[in-house]
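# Summary of the model geometry
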Amino acid sequence: MGVCWRWCYTTCVCCLSEDEKNAIAIHNEIKRILADQKKRERREIKVLLLGTGESGKTTFIKQMRIIHGKGFSEDDRRGYTKLVFQNIFTAMKALTAAMNTLRIPYANPQNEIYGKQFQEVEICQMAHLDRMYVDAIRRLWADEGVKACYSRRREYQLLDSTEYYMANLERIAAPDFIPTAQDVLRVRFPTTGINDYSFSVEKITLRIVDVGGQKSERRKWIHCFENVTSLIFLASLSEYDQVLEENNKEVSVSFAPVLFLVSFKILININKFIILIFNYILALTPPLLCGLVPPSGKRRDAQDAMDFIRNMYKQRAVSAETKECKNIYPHFTCATDTNNIRKVFNDVKDTVLIKSLQEYGVL
């Protein structure tokens, strides 16, 4: 009798008060929301994006926005105008400071005055590129002493996009300048905090969590590993022998594998996939080959450098127990090349992401 009464009480609306009816309606709505959320999560892949500062993580996210998002509207691109200008001032300030640090004289003594002017610039306050600065930049960039300083950029921190900006200076300085998609891709600014981006890829939600790569941001990494399907780790080839910005002593190519190893040890224990992207492949130039690839008695080429770097990372990640390196998918690319990134991501999608979906029973 008691069982029948309880069944009638919880199923027959006529037996309930208004408050009880509302409570049951709210309960059912919560159950529906949780079920929908669980269904969405089964079709969501969470990827953690890590790497040292200036490795190209933000550029990678911009490319994903172009390839799998809505791209950049004219209003979006206008929003990068000030950052483009500030990047140019940052580059010139770094170059002219290095002239003093490296004790390189200006070929034209007059240019030393321009150099001092850039040292006094407050970059965060620069919202315009005045003609007086454009003329000074042009004169400095043509100076043989500055050219010598630029050739020694491994000895100090300089934006990779410096040469690009110099080549496009007149266009950027035009009164009606609106950044192009390529300008946006070249803009550099430090990522702080944890940024979450979602993209729709073939009816699947790809959620990329981007964490700042600067030293002060790395303590936040460990909090992002929960429920991660895979890791994308970016390492910059353009910094193969460049000192780190944070201490000006340690070489980036030696430091990045250490960060990679820490990430690897966390993920390998839970059998996750690791996508290792070596960025800025155009940096594989003769100076790099001579300084990076050990002597072998044969002519060095880009493939030698790629093999050497790939093996260096894999050796760091070899499991002490199994003596093998599982679930690592290395790729060489250039983050500013949209077609190249599209090809790399298609390779990633066809291997790692499909395996992840199969593991979760979605495919």
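All chains use their own residue numbering, which begins from 1 and follows the written sequence. Where totals are concerned, whole chains, interfaces and linings use all residues; where local detail is concerned, this predicted model gives features only for residues with pLDDT of at least 70, and gives and counts side-chain atom pairs only at 80 or more. Only hydrogens and water are set aside when side-chain values are computed; all heavy atoms of the structure are taken into account.

A count of helical and extended segments in the protein gives 15 helices and 6 strands. For the protein, with 363 residues in total, the buried portion stands at 45%. Put simply, 72% of the contacts in the protein that link residues at least 6 apart link residues at least 24 apart. Put simply, the protein shows about 19,600 Å² of open surface, and 53% of that area lies on carbon and sulfur atoms. Under the scheme used here, helices are H or I runs from DSSP no shorter than 4 residues and strands are E runs no shorter than 2 residues, and both carry numbers assigned from the N terminus. For every residue, the accessible area (1.4 Å probe, protein chains only) is compared with the maximum for its type, and the residue is labelled buried under 20%, exposed over 50%, or partly exposed between those bounds. Contacts are residue-level and defined by heavy atoms, with any inter-residue pair within 4.5 Å sufficient. Residue exposure ignores everything except the shown protein chains as possible cover, and the areas themselves are Shrake-Rupley values with a 1.4 Å probe.

Among the structural elements, Ser161 can be located in the loop between α8 (144–151) and α9 (162–167). Looking at Ser161, the relative accessible area reads 1%, which means it is buried. In terms of polar contacts, Ser161 uses its side chain to reach the backbone carbonyl oxygen of Arg186, at 3.4 Å. Among residues more than four places away in sequence, those in contact with Ser161 are Asn87, Arg186 and Arg188. We call two N or O atoms a polar contact when they sit within 3.5 Å, provided that within protein one can donate a hydrogen and the other can accept it, with sequence-adjacent residues counted only if both atoms are side-chain atoms.

For two strands to pair, DSSP has to find at least two bridges joining them. Within the open sheet, the 6 strands sit side by side as β2-β3-β1-β4-β5-β6. Their pairing is mixed. Unpaired on one side and paired on the other, β2 (194–201) and β6 (328–332) mark the two borders of the sheet. Direction aside, neighbouring strands of the sheet carry axes that sit 20° apart on average. Angles shown run from 0 to 180 degrees and are taken between the N-to-C directions of axes, each axis being a line fitted to C-alpha atoms and, for helices, limited to the stretch in contact. Across the sheet, helix α3 (residues 57–68) touches β1 (44–51), β2, β3 (204–211), β4 (230–236) and β5 (273–279), and the angle it forms with β3 is around 160°.

Another aspect to go through is helix α7 (residues 131–142). To estimate the expected span of a helix, count its residues, drop one, and scale the result by 1.5 Å. With 12 residues, α7 extends 17 Å from end C-alpha to end C-alpha; this agrees with the ideal 16 Å at 1.5 Å per step. Those residues of α7 that sit buried are Tyr133, Val134, Ala136, Ile137 and Leu140. One side of α7 carries all its buried residues, which in axial view fall inside an arc of 165°. To be clear, the arc concerns the directions from the helix axis to the C-beta atoms.

Right, let's get into the side chain of Arg310. Mapped onto the secondary structure, Arg310 falls in helix α14 (residues 302–317). For Arg310, the side chain forms a polar contact with the side chain of Asp307, separated by 2.9 Å. Every residue in contact with Arg310, bar those within four places of it in the chain, is listed here: Phe278, Gln303, Pro330 and Phe332.

So, about the environment of Thr192. Checked against the element boundaries, Thr192 lands in the loop between α11 (181–186) and β2. Taking the C-alpha atoms as reference points, Thr192 and Val211, 19 residues apart in sequence, are found 7.1 Å from one another.

For β6, a buried count of 4 out of 5 residues is recorded, marking the element as mostly surrounded by other parts of the structure. When β5 meets β6, the two strands line up parallel, connected through 5 bridges. Pairing of Phe278 across the sheet is with Phe332, part of β6.

For the rest of this paragraph, the subject is the nonpolar core. A general tendency of soluble globular proteins is for nonpolar side chains to be buried together. By size, the foremost hydrophobic cluster in this structure holds 38 residues, and its most contacted members are Ile88, Phe118 and Leu129. Elements that contribute at least two residues to this core include exactly α5 (81–101), α6 (111–119), α7, α8, α9 and α10 (169–173). Ranked by residues supplied to this core, first place goes to α5 with 9 residues. Each nonpolar core is a collection of buried residues, namely Ala, Val, Leu, Ile, Met, Phe, Trp, Tyr and Cys, held together in the definition by side-chain atoms within 4.5 Å. Counting 21 residues, the second-largest nonpolar core is a separate cluster that includes Leu49, Ile204, Ile208 and Val348.

Salt bridge, as applied in this entry: a Lys or Arg side-chain nitrogen positioned within 4 Å of an Asp or Glu carboxyl oxygen. The final tally for this structure, using the stated rule, is 10 salt bridges. Close ionic contact of Arg65 with Asp76 constitutes a salt bridge, the shortest N to O distance being 3.0 Å. One end of the pair, Arg65, is in helix α3; the other, Asp76, is in helix α4 (residues 74–78), with 11 residues separating them in the sequence. Classification of Arg65 by relative accessible area gives partly exposed; the value is 31%. A cluster of three or more residues bridged by salt bridges with shared partners is formed by Arg131, Asp135, Arg138 and Glu170.

In this section: the packing of α5 against α6. Two numbers describe how α5 lies on α6: the axes approach to 9 Å, and their chain directions differ by 120°. For the element pair α5 / α6, the angle class is oblique. When the axes of α5 and α6 are compared, the crossing they make is left-handed. For the pair α5 and α6, contact is made by Phe89, Met92, Lys93, Thr96 and Ala97 and by Gly115, Phe118 and Gln119, respectively. In this classification, Asp, Glu, Lys and Arg are treated as charged, Ala, Val, Leu, Ile, Met, Phe, Trp, Tyr, Cys and Pro as nonpolar, and every other residue, Gly included, as polar. Of the residues in the contact of α5 with α6, the class split is 4 nonpolar, 3 polar and 1 charged. When describing relative orientation, an angle under 35 degrees is termed roughly parallel and one over 145 degrees roughly antiparallel, while 65 to 115 degrees is termed roughly perpendicular and anything else oblique. The handedness criterion is simple: a crossing whose near helix is rotated anticlockwise from the far helix by less than a right angle is left-handed, and one whose near helix is rotated clockwise is right-handed.

The subject of this paragraph is the UniProt feature "binding site: Mg(2+)" (unreviewed entry) in the protein. Per the UniProt record, the feature "binding site: Mg(2+)" (unreviewed entry) sits at Thr58 and Thr191. Within the secondary structure, Thr58 sits in helix α3. UniProt positions are given in the numbering used here, feature names are shortened, and annotations may be inferred rather than shown by experiment.

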